[in-house]
Structure formats: C-alpha cells, structure tokens
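Examining the three-dimensional arrangement
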Amino acid sequence: MSRAARLDSAHITPSAHYTGYVWYRHQLAEAPFVTPFGRFAHGVLAPVSWGARVAFGLDVERFLLQRHLLIDALLSEAIEQRGVRQVVEIACGLSPRGRRFCSRYPELRYLEADLPPMAARKRLLLHEEGWLGARHQVRPVDILAEQGVNDLQALFSGLDHDAPVLVITEGLVNYFELPVIEAFWSRLADQLKQFPAATYLTDLYPDLREHPRYRQLRWGIDLVGRLTRGRYYLHYRGDDAIVAGFEGCGFGEVRVHDPKELESALSDAGPALVRVVEART
C-alpha cells in the first residue's frame, strides 16, 4: 500500500482520543479509556462546541451519543433475539463497547480491530486492566488493504465460520471518499458471505441538503476535517440512496435507522443528521 493510503487511514486516530473521553464523560466508559490527549482535546474544543450549540443548534456530543447508543441497541437486539455470539468491531479506537458487552453477555466473543499502532495501544489497555482474554481480543487491520497480513481475510480467519457474526464500524466511513469506502464494503460483504448469517452495523452521515441544519453541518464538517488532518465526506442523498449503495456492494438486506428510534431525550432534538445502517448478507 502506498504511503498516501496509509496516511488516509491514520488521520482518523486523533478523533478516537476525543470520542474516548466523550464516552467516559457520559458514563459509557471506565477511566482507563481516557487518554491525556483525549482530555486535552475535549477541553480545547469545549468553547467551539458550546458556540456551535448556542449559535447553530449543533450539539457534537449529542450526535456522537445518538450513533453510539443506536448501535448498542441494535447489537443487543442481535445478541438477544438472533443468537449472535461473535462480534467484530473494526476501527475500534478507544471504544468501550467491547468491554461493556463482554461484561453484559458472558457467552459473547468480541474481536476488536484497528490499525496496528492503535490496536497495540488498545490491547495493552485491556491487558493492563485484566480485560483481555479468550473472549475479548484485539487484532490489527487496515481496511484499505486488499491483501496481506492486515487485510480482512486475515482478520476473519480465526472466527467460527459455522456461526453468525456481526461487524461494527463507528466513526469511520465518512473520513473516506465514497469509492474508497464502497470498495471496503464490497470486500467486507465478500468475507461475510462465508458465514451462515452476518450483519454489518455502521453509522453514516448522508448528504441531507434539505435538512434545516445543513449549512451549519457543512461548517462543522470543515472543522472536523481540519482537526483530524483530513477531509470529511457526506455519502448519499437520503435513505433510498443508502439502501441502493449497500445493495450494490453486495449486501442483500439493508435497513436505515434514524436516532428517533431511541427511547431517550437524545431523539427529541429535531431531525437527526446521522443514520445507522444495518446491512445483512
């Protein structure tokens, strides 16, 4: 893989530290998931977040919580109602989801994956806290790799291919141009077809130009791009386009979820900007 491609993958990492602190602030993560940089970044951005909330009605932490809790709800449903017992979270960053769900469901196998440096950091964190084990592991992966030791085939090779699997990506797809992320989705769909049943959950910010906060969202996106040393792309014009896009990548059943499905105050702030896609093979 080219140096430019590696940089495209790596520029996401700063946001992982920020979101790690957000999960902790909202009692979704334990203290070991907080990094000094995450705490610092949150403090530095606090005035900007306050200004965006007051002036534009954009609450960054609300957006993050909406997607996180909706994915949690769909994952719980898959475990409790469809018998999913193995989960792979790609681009796991400092997400506490693996820790929480392994504690909640003793029979669950949870595999976290990220670029090698972040995977090593997450593995060390879980090991030092005594949370790493046969049921909860961390592996390196590069979603841009079409072959090699860190490609998707290597990541899935150790799973039980006779049992259902669920894959999660959160806070990942909008950092890449659509052709790049669709190529990843196509490779992922190919891997998931090797299982008797497979589900993919991901958040996605569509290009909702009719949304009343669209202009403010574009401002926020530009800010995110500068903070993460990259760009942030909006994918698809609406739910129908999302469904068609995922079907074109090889997924057979696609549902688009809106945060208004959440039974909490988080869903009461007007039309949402984020969607969570549930795609099955």
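Residues numbered from 1 in each chain as written. Predicted model: local features only at pLDDT ≥ 70, side-chain atom pairs only at ≥ 80, totals over all residues. Heavy atoms only, no water.

Some details on helix H8 (residues 178–192)
Compared with an ideal rise of 1.5 Å per residue, which puts 15 residues at 21 Å, H8 spans 20 Å between its outermost C-alpha atoms and is within 8% of the ideal. Every buried residue belonging to H8 is among Ile 181, Phe 184, Trp 185, Arg 187, Leu 188, Ala 189, Gln 191 and Leu 192, and all of these are buried. Where H8 is buried, its residues meet strand S1 (86–90), helix H7 (152–156), strand S4 (165–169), strand S5 (198–204) and helix H10 (239–248). (Helix = DSSP H or I, 4+ residues; strand = E, 2+ residues; numbered from the N terminus. Expected span 1.5 Å × (residues − 1). Buried < 20%, exposed > 50% of the residue type's maximum accessible area, 1.4 Å probe, protein only. Contact = heavy atoms within 4.5 Å.)

Thoughts on the sheet that holds S1
Read from one edge to the other, the open sheet built from 7 strands follows the order S3-S2-S1-S4-S5-S7-S6, with strand pairing classed as mixed. The outermost strands of the open sheet, each flanked by one partner alone, are strand S3 (136–140) and strand S6 (253–257). Averaged over all pairs of adjacent strands, the angle between their axes in this sheet comes to 20°, without regard to strand direction. Pairing analysis gives 5 bridges linking S6 to strand S7 (residues 275–280), with the strands arranged antiparallel. In the strand pairing of S7, Arg 255 is matched with Glu 278. On top of the sheet, helix H6 (residues 116–128) reaches strand S2 (109–114) and S3; it is set at about 160° to S3, its chief contact. Along the sheet face, H8 touches S1, S4 and S5 and points at about 160° away from the line of S5. (Pairing = 2+ DSSP bridges. Axes fitted to C-alpha atoms, helices over the stretch in contact; angles between N-to-C directions.)

Observations regarding the packing of helix H4 (residues 60–82) against helix H5 (residues 97–104)
A pair of packed helices is captured by two measures, namely the crossing angle of their axes and the spacing between those axes. At a closest axis distance of 12 Å, the pairing of H4 and H5 adopts a crossing angle of 35°. Here H4 and H5 pass one another in a crossing that is right-handed. The residues of H5 that touch H4, namely those facing His 68, Ile 71, Asp 72, Leu 75, Ser 76 and Ile 79, are Arg 97, Arg 100, Phe 101 and Arg 104. Of the residues that constitute the contact of H4 with H5, the class distribution is 4 nonpolar, 2 polar and 4 charged. (Left-handed = near helix turned anticlockwise from the far one by under 90°. Nonpolar A, V, L, I, M, F, W, Y, C, P; charged D, E, K, R; others polar.)

Observations regarding the environment of His 42
Structurally, His 42 can be placed in helix H3 (residues 36–56). Put simply, His 42 and Tyr 21 are 21 residues apart on the chain and 7.3 Å apart in space, counted from C-alpha to C-alpha. The residues touching His 42, leaving out its near neighbours within four places in the chain, are Tyr 18, Tyr 21, Val 22, Arg 25 and Glu 61.

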